[in-house]
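Residues per chain are reported as follows:
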Amino acid sequence: MEVLMLWLFPWIFQCVSVRADSIIHIGAIFEGNAAKDDEVFKQAVSDLNLNDDILQSEKITYSIKLIEANNPFHAVQEACDLMTLGILALVTSTGCASANALQSLTDAMHIPHLFVQRNTGGSPRTACHLNPSLEEEEYTLAARPPVRLNDVMLKLVTELRWQKFIVFYDSDYDIRGLQGFLDQASRLGLDVSLQKVDRNISRVFANLFTTMKTEELNRYRDTLRRAILLLSPRGAQTFINEAVETNLASKDSHWVYVNEEITDNEILELVHSALGRMTVIRQIFPLSRDNNQRCMRNNHRISSLLCDPQEGYLQMLQVSNLYLYDSVLMLANAFHRKLEDRKWHSMASLNCMRKSTKPWNGGRSMLETIKKGHITGLTGVMEFREDGANPYVQFEILGTSYSETFGKDVRRRADLAISAITITPERESVVDFSKRYMDYSVGILIKKPEEKINIFSLFAPFDFAVWACIAAAIPIVGVLIFVLNRIQAVRAQNASQPCPSASSTLHSAIWVVYGAFVQQGGESTVNSMAMRIVMGSWWLFTLIVCSSYTANLAAFLTVSRMDNPIRTFQDLSKQMDISYGTVRDSAVYEYFKAKGTNPLEQDNTFAELWRTISKNNGADNCVSNPSEGIRKAKKGNYAFLWDVTVVEYAALTDDECSVTVIGNSISSKGYGIALQHGSPYRDLFSQRILELQESGDLDVLKQKWWPRMGRCDLNSHTSAQTDGKALKLHSFAGVFCILAIGLLLACLVAALELWWNSNRCHQETPKEDKEVNLEQVHRRMNSLIDEDIAHKQISPASIEISALEIGGMQPTQTLEPVREYQNTQLSVTTFLPEQTTHGASRTLTAASGSNLPLPLSSSATMPSIQCKHRSPNGGLFRQSPVKTPIPMSFQSVPGGVIPEAMEPSHGTSI
């Protein structure tokens, strides 16, 4: 793949060679993405060639190779080409991977190698662990000092007294470089967190809000208050901007940015972006205060582009560029001493591919000369220790004018504060909080709802429309049954069959339907198929309706006992009868403001709540302190929104137990112990709180002071009465009212009937009594005898027939065959008025025979009477002073006439 890349992109890899008749030739290998490495290298060679004091008349020639980043194979290939040309030393500026490969090659060929480490993508660099040489001859010298950032960071957090912080690093940073720092921090008892930052920083913060809950975000915001950024300058600026815009950074945030290669302009951009304090750790190179000495390095005049601050070119260079320039100076210093000592070793052409190739004979001597060198260049003093490293490095710590206690000076007269203090970002800006020792949410303190008495609550299981439909269905079904019954009666009369006695009238049919509906049965003869279908459907309808009513009534009475009109914030926002509010300018007030005015909030509940709470800037519904809100809630018609633990305690200690609490978990926060910033007691309290939570002691204490059941029961409004609480009288008051109304209506109807009948009888004129047709008596007697003859024999007793029954018979009916009634006394009783009835006569045939044919004259009539009372069967009593029947014996004779001269004061008996 690497060979293919070489052919595809030849313009990326260049070879720059400047050779003359010179004995000093050096090679250089730079990565293709380092734009200024070759430029600075050429500048250094040009400055040296212009100075005759160092190399006298000799000139330096060079060959430059550009390679791919992190491609060791390509680096070795280009280095072999340079060795073939003959070089005295090799100068490289690459990453660790290429440096390790070049180290093995230069150690084998004895070519002095001055290595300048580059950091990938501008991220802070980590130490390159070079491979040890087998012959213990290391020809690679690290021109750039080892990474000392871990020591500087540990020193800084110790001075700041940080006990807990987070380290952010980007994807290009080698996290293995933090191992030593983490080990030392662990020994000091520091709580250090690590988090990798993806290249797409905006997506990182977007994922935080989609994956974390509010409580987790609050903890994450607390962690962000102290952070170390191991990012590139551009990545750090983007990261801080996102943290500020998403409200994860606060005014007391402290950002520590660590990078050796950050410029002044990049520092200014970071400071302008950050919210809170900003501290920058970077490497510095002190310059001489004497302007005449700034451009002179060991009698070597440096180009004005590099030494004159007004040019600004030096500030645009990276640290690796500066060390590259000084590496050329170090080689020139070694060449100078070699020339003075006249111990020069000529260059040799080496072939890396041959096994028989011997290393350069003058390599060892040249390496020793370079190690003994000492220069002062752009990076300050440069020299090498025995291990081949440059020990000289200086750092500066730049900080903004804000201090750790900016805006937090609550005059440090107290070490801690314990109260109902909720942990919020605003309070975190002035104090440090321990772990939460109790959960926090907003509760609703409201007066207990008074029990509403509804004597007609038993009608509530059905809607009014359902009751109306049921009431309409009863007469409709009754009319249908009445019609079907009449059709059945006509059919039975034509077929000479007995007709049903029930449901023969409309009111009787409706009564039968109503009796079936109330499950009291209906005595209706259902002989036809149509009647059976109607009654079957009605019975099924009645069964379903009654069962549904019973089930719904039980549920309704149970719910009515535990019902509370307000259970959640949604219920509170939808009603208009009860006003509600909280303490003005409090944490709860600000919480509802933030939620109610947030355009991203999907639920409009908070918008409705905030609209009521903030009415007239909170003057209408809010209070000035919690005590006022509690008193206002006890008076009624007001709901007080406050910390649930506070209002629960107020409800438990209320003398009248008149208020209750509706809890809600929409605001999941917590109470914490407030301590000074950087207090050493914070972790001690937090650890102890966690132990109490683990052992359950905090729950025991909460139950002791906030019992759910006691003198004032907080659970009475939240759960149903599972102990089978008896229904009270008012639940059944409606039934008793209906019964009382029915009884009063019956008495009223009876009184009206009595008045109506009495008034009607007084107004009627006397009329002739109905004809007494003994033929009808005869037919009636035959019917009675036929019904009873199968069961018993008629005893010789008197048969008494009222004249009113005889009057109901049709006088035109024909006589049946005469039957013989032996030893039977027939008594016909009439109740005559006191005055004599004119024209009243009866014609009977009387004889002493044993058999009595009863031929009655069709013209025989009864005396006219006056109506006094209604008889039990619906007729009228015919009243006379004397009602004693006169028994008479009859024998069958052909015929006769009833005596006409009968005393009107006696009844007539036959």
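Everything here concerns the structure above.
Residues numbered from 1 in each chain as written. Predicted model: local features only at pLDDT ≥ 70, side-chain atom pairs only at ≥ 80, totals over all residues. Heavy atoms only, no water.

## Some words on the packing of aromatic side chains
Taken as a whole and judged by the stated rule, the model has 19 aromatic pairs. Arranged with centres 6.4 Å apart and planes meeting at 50°, the rings of tryptophan 755 and tryptophan 756 form a pair that is tilted. When its relative accessible area of 54% is taken as the criterion, tryptophan 755 is described as exposed. Lying across the ring of phenylalanine 606, lysine 595 places its NZ or CZ 5.0 Å from the centre. Above the face of the tyrosine 638 ring, lysine 632 is positioned so that its terminal group lies 4.4 Å from the ring centre. (Phe/Tyr/Trp six-rings, centres within 6.5 Å; stacked < 30°, edge-to-face > 60°. Buried < 20%, exposed > 50% of the residue type's maximum accessible area, 1.4 Å probe, protein only. Lys NZ or Arg CZ within 6 Å of the ring centre and 35° of its normal.)

## Digging into the packing of helix α2 (residues 37-49) against helix α14 (residues 319-341)
Interhelical geometry of α2 versus α14 gives an angle of 30° and a closest axis separation of 9 Å. Of the two possible hands of crossing, α2 and α14 adopt the one that is right-handed. For the pair α2 and α14, the contacting residues are Asp37, Val40, Phe41, Gln43, Ala44, Val45, Asp47 and Leu48 in the first and Ser320, Asn321, Leu324, Tyr325, Val328, Leu329 and Ala332 in the second. When grouped by side-chain class, the residues that make up the contact of α2 with α14 number 10 nonpolar, three polar and two charged. (Axes fitted to C-alpha atoms, helices over the stretch in contact; angles between N-to-C directions. Helix = DSSP H or I, 4+ residues; strand = E, 2+ residues; numbered from the N terminus. Left-handed = near helix turned anticlockwise from the far one by under 90°. Contact = heavy atoms within 4.5 Å. Nonpolar A, V, L, I, M, F, W, Y, C, P; charged D, E, K, R; others polar.)

## So, unusual backbone geometry
Of note in this structure, asparagine 616 is not a glycine but carries a positive phi near 60°. When you line up the elements, asparagine 616 lands in the loop between α22 (605-613) and α23 (626-635). Look at asparagine 637: it is not a glycine, yet its phi comes out positive at around 60°. When you line up the elements, asparagine 637 lands in the loop between α23 and β20 (638-643). Judged by relative accessible area, asparagine 637 falls into the exposed class, the value being 53%.

## Let's talk about the sheet that holds strand β15 (residues 416-417)
Think of a sheet as strands paired side by side through backbone hydrogen bonds, with each pair either parallel or antiparallel. The strand order β15-β23-β16 describes an open sheet built from three strands, whose pairing is antiparallel. Each edge of the open sheet carries a strand with a single partner, namely β15 and β16 (432-433). Relative to strand β23 (residues 674-675), β16 runs antiparallel, the two sharing two bridges. What sits directly across from phenylalanine 433, in β23, is alanine 674. (Pairing = 2+ DSSP bridges.)

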